[in-house]
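Listed here are the chains, written in short residue letters.
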Amino acid sequence: MELDTDIIIIGAGMSGIGFAVQLIRQYGHRNFELIEKSAQFGGTWFSNTYPGCGVDIEAHYYSYSFCLNPDWSQKYPLQPEILQYFENVADKYDIGKHTRFQSVVTSANWEESSGTWLVSVRNLETSETYSRRCKILISAVGVLSEPNECEIPGKSSFQGPIFHTAEWDHSFDWKGKEIVVIGNGCSASQVVPAISEGDGAVKKVVQFARQAQWVFERPNPPYSSLFRWTMKWVPLAMRSYRAVQNYYTEWDYQSFPIESGAPIRKMYADYQGGYIRKTSPAKYHEFLIPKTDVGCKRRVMDTDYLQCLHRDNVELVYQDPIEEFVANGVRTKSGRVVRADAIVLANGFKVLKPLPSLNLHGERGATVEDHWDKVSGGSPSAYFATCLSGFPNFFIMMGPNSASGHGSVSYTSECQINFTLRVIKPILNALRAQRSILPVIGQKADIVRLKPDAEQADIDTVQDKLKGLIFSSGCTSWALDQTGRNVTMYPDFQYKYWLRSIFVSWSDFELSTSKAVTAALAPKTLGVSSWLTISTGIAAAGYLLHRRHLLSAALR
């Protein structure tokens, strides 16, 4: 059965772009398509455009290892610079010509007889729905791409705009306005200082928070022209700088084991607690210094958030939660009405929700939810955070239990990309053999299946290890699902994840050949008798040439 393309990659953010580029760099393979719901590259860095949006990992470590950038303006750049970087990488490798923008995958079905995925795609501009058949399907939709809904009652009664940080309304001018921000995680801690300073500041921003976060000191110096010159022209300087960042983040993992990491966490708590006291207003100290262990919840890097709490136009509310929305703002539990011209939701994302929304059907029509019900009690899970048994030739970038509490998401993404490229190599070889005019020797496998027992053993091992880490010490966290299972974090050093991506456990996989490919290769496949005949002929020809050479030498 004819393929429309060899590989379909769903999503054109960090992982999608990275996978496409590595296909080209490592295999010279360009028979692929990316399906992207937005109008351009960038994924989360295209969607999140709220004021103050930036990266909380050093940019030299956050960027691809295969496409380093010596020209970062500062240690932790803001969203426009990060987005430009990914656009530049995509442009460099001409990924745009392989990409269908403003399109979404509505379903994908595995067809056993042909060993292919039939993917339904809807064009968001025209509402046209069409199908694309591929041999390999890659999900690169990410884990933080679908905002949480607001569960506070009365939302429809508010007369002003309400928007999530990931869906920032740029038509709204906040200058001189009164704003309510709901949440105090990473996004909120970037928004509040950004909109409360300078000539364009809000009249008043009231931030509502439920739980304290450990806010870490994070200086963000601009890089000098000398530093950027050194990164660009001094051999190995940029690699060395990146390696140093990697070393320090890997060292940080030692703070996560509940028992052995306790002294390190206490050191962090003492230092960062002192920093919070020194930097923030005394009236908020009772709340701002968490009662939970460092690392139990995601750390928040300080982007002048603590300092901005001193401003007259900033108020933090933590003892009087919102009860409902009203026409002109919100009403709190005490009955106080906080007036607002706009309400900003910084209440997080539906972790791993985008994957089931793809409406995938694997072997025997099973959905991803069906599979999770069977292997992990309904909670998201995956082998190496990448593969699901019963879903052949399907791979997930940044899947369940892929996130690191200490390292860079780009590191994990690259490990998964490299792992997947190794696993799909037999499939690409089979496709190449099918299209070649040369005879085929031996079997060519075009289907890779993960063995169910290998998947179960892997996800059980991950959960067992997580029980001994600080993420499981009792606090509520975005890493945990509704059952309390940790579906987000990877329980080990990142370098060990990298090693697993290099040394693939092939015994965990089953390779086979589809009926379609078997039929296509049959006329070109050399049997044992044909192979022996050719081998004998080659040997005879070699013997005759050798005899001729000896005879010529004797006549001389």
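Criteria and thresholds
Residues numbered from 1 in each chain as written. Predicted model: local features only at pLDDT ≥ 70, side-chain atom pairs only at ≥ 80, totals over all residues. Heavy atoms only, no water. Helix = DSSP H or I, 4+ residues; strand = E, 2+ residues; numbered from the N terminus. Buried < 20%, exposed > 50% of the residue type's maximum accessible area, 1.4 Å probe, protein only. Contact = heavy atoms within 4.5 Å. Areas by Shrake-Rupley, 256 points an atom, 1.4 Å probe, with all protein chains shown as cover. Lys, Arg positive; Asp, Glu negative; His and termini not counted. Charge placed at Lys NZ, Arg CZ, Asp CG, Glu CD. Salt bridge = Lys/Arg side-chain N within 4 Å of Asp/Glu carboxyl O. Pairing = 2+ DSSP bridges. Axes fitted to C-alpha atoms, helices over the stretch in contact; angles between N-to-C directions. Polar contact = N/O pair within 3.5 Å; in protein donor to acceptor, adjacent residues only side chain to side chain.

Colleague: Sorry, what's going on with the overall build of the protein chain here?
Modeller: What the protein chain contains, in helices and strands, is 16 helices and 23 strands. Overall, the C-alpha framework of the protein chain stretches about 105 × 50 × 45 Å when taken along its three principal axes. Expressed as a percentage of its 556 residues, the buried residues of the protein chain come to 53%. By sequence separation, contacts in the protein chain at least 24 residues apart represent 74% of the contacts at least 6 residues apart. When the accessible surface of the protein chain is split by element, carbon and sulfur atoms take 53% of a total near 25300 Å². Charge centroids of the protein chain, computed over 57 positive and 55 negative side chains, lie 7 Å from each other.

Colleague: Sorry if this is basic, but what is going on with the environment of V215 here?
Modeller: The topology assignment puts V215 in strand 11 (residues 215-216). V215 gets classed as buried once you look at its relative accessible area, which sits at 5%. Along the backbone, V215 and D370 are 155 residues apart, and their C-alpha atoms lie at a distance of 39 Å. In this structure, V215 is in contact with Q272, Y275, I276, V300, D302 and L306, ignoring residues within four places of it in sequence.

Colleague: Quick question: what am I supposed to make of the pattern of salt bridges here?
Modeller: Counted under the stated rule, the structure contains 23 salt bridges. Between R311 and E197 there is a salt bridge whose closest N-O contact spans 3.4 Å. Placement of R311 in the loop between helix 10 (305-308) and strand 13 (314-317) and of E197 in the loop between helix 5 (186-195) and strand 10 (204-208) is noted, with a sequence separation of 114 residues between them. The class for E197 is partly exposed, based on a relative accessible area of 44%.

Colleague: Whenever I open this one, the sheet that holds strand 14 (residues 322-326) confuses me. Can you help?
Modeller: Sheets are built from strands that pair by backbone hydrogen bonding, the pairs being arranged parallel or antiparallel. Spatial strand order, 14-15-16: 3 strands in an open sheet with antiparallel pairing. Looking at which strands have only one partner, the edges of the open sheet turn out to be strand 14 and strand 16 (337-339). Between one strand and the next, the sheet's axes are offset by a mean angle of 25 degrees, whatever the strand orientation. Sheet topology note: the strand 15 (residues 329-332)/strand 16 ladder contains 3 bridges and is antiparallel. Paired with V330 across the two strands is V338, which belongs to strand 16.

Colleague: Mind showing me how you'd approach the side chain of N313 here?
Modeller: Note on placement: N313 falls in the loop between helix 10 and strand 13. Accessibility expressed as a relative area gives 12% for N313, which makes it buried. Within the structure, the side chain of N313 is placed 3.2 Å from the backbone oxygen of V202, a separation counted as a polar contact. Apart from residues no more than four positions distant in its own chain, N313 is found in contact with S196, A201, V202, K203, K204 and V205.

Colleague: Help me out: how do you make sense of the sheet that holds strand 3 (residues 99-100) in this one?
Modeller: Spatial strand order, 3-2-1-7-19: 5 strands in an open sheet with parallel pairing. The strands lining the two open edges of the sheet, one partner per strand, are strand 3 and strand 19 (394-396). As paired strands, strand 2 (residues 32-35) and strand 3 are joined by 2 bridges and run parallel to one another. Note on strand 3: the bridge partner recorded for L34 is T99. In the packing of helix 1 (residues 14-27) onto the sheet, contacts are made with strand 1 (7-10), strand 2 and strand 7 (136-139), and the angle to strand 2 comes to roughly 170 degrees.

Colleague: Would you take a moment to explain the environment of A403 for this structure?
Modeller: With respect to the element layout, A403 can be found in the loop between strand 19 and helix 12 (409-435). Assessed through its relative accessible area of 14%, A403 is described here as buried. Remark: the alpha-carbon pair of A403 and P491, spanning 88 residues in sequence, is separated by 9.1 Å. If we skip the residues at most four places from it in the chain, A403 touches T488, M489 and Y490.

Colleague: Any chance you could explain unusual backbone geometry here in plain terms?
Modeller: Of all residues except glycine, most have a negative phi; of all peptide bonds, most are trans. In this model, D304 sits at a positive phi of 70 degrees, which is unusual for a non-glycine residue. With respect to the helices and strands, the residue D304 is situated in the loop between strand 12 (300-301) and helix 10. Phi at N401 takes a positive value of approximately 60 degrees, unusual for a residue other than glycine. By the element assignment, N401 lies in the loop between strand 19 and helix 12. A relative accessible area of 8% places N401 in the buried class.

Colleague: Mind showing me how you'd approach the pairing of strand 6 (residues 129-134) here?
Modeller: Sheet faces and side chains relate simply in a regular strand, where the side chains alternate between the two faces. Sheet analysis places strand 5 (residues 116-123) next to strand 6, joined by 6 bridges and oriented antiparallel. Within strand 6, the residue paired with S120 across the bridge is S131. In textbook terms, the turn of a hairpin is the stretch between consecutive antiparallel strands, and for strand 5 and strand 6 this stretch comprises 5 residues, one of which, S127, has a positive phi near 65 degrees.

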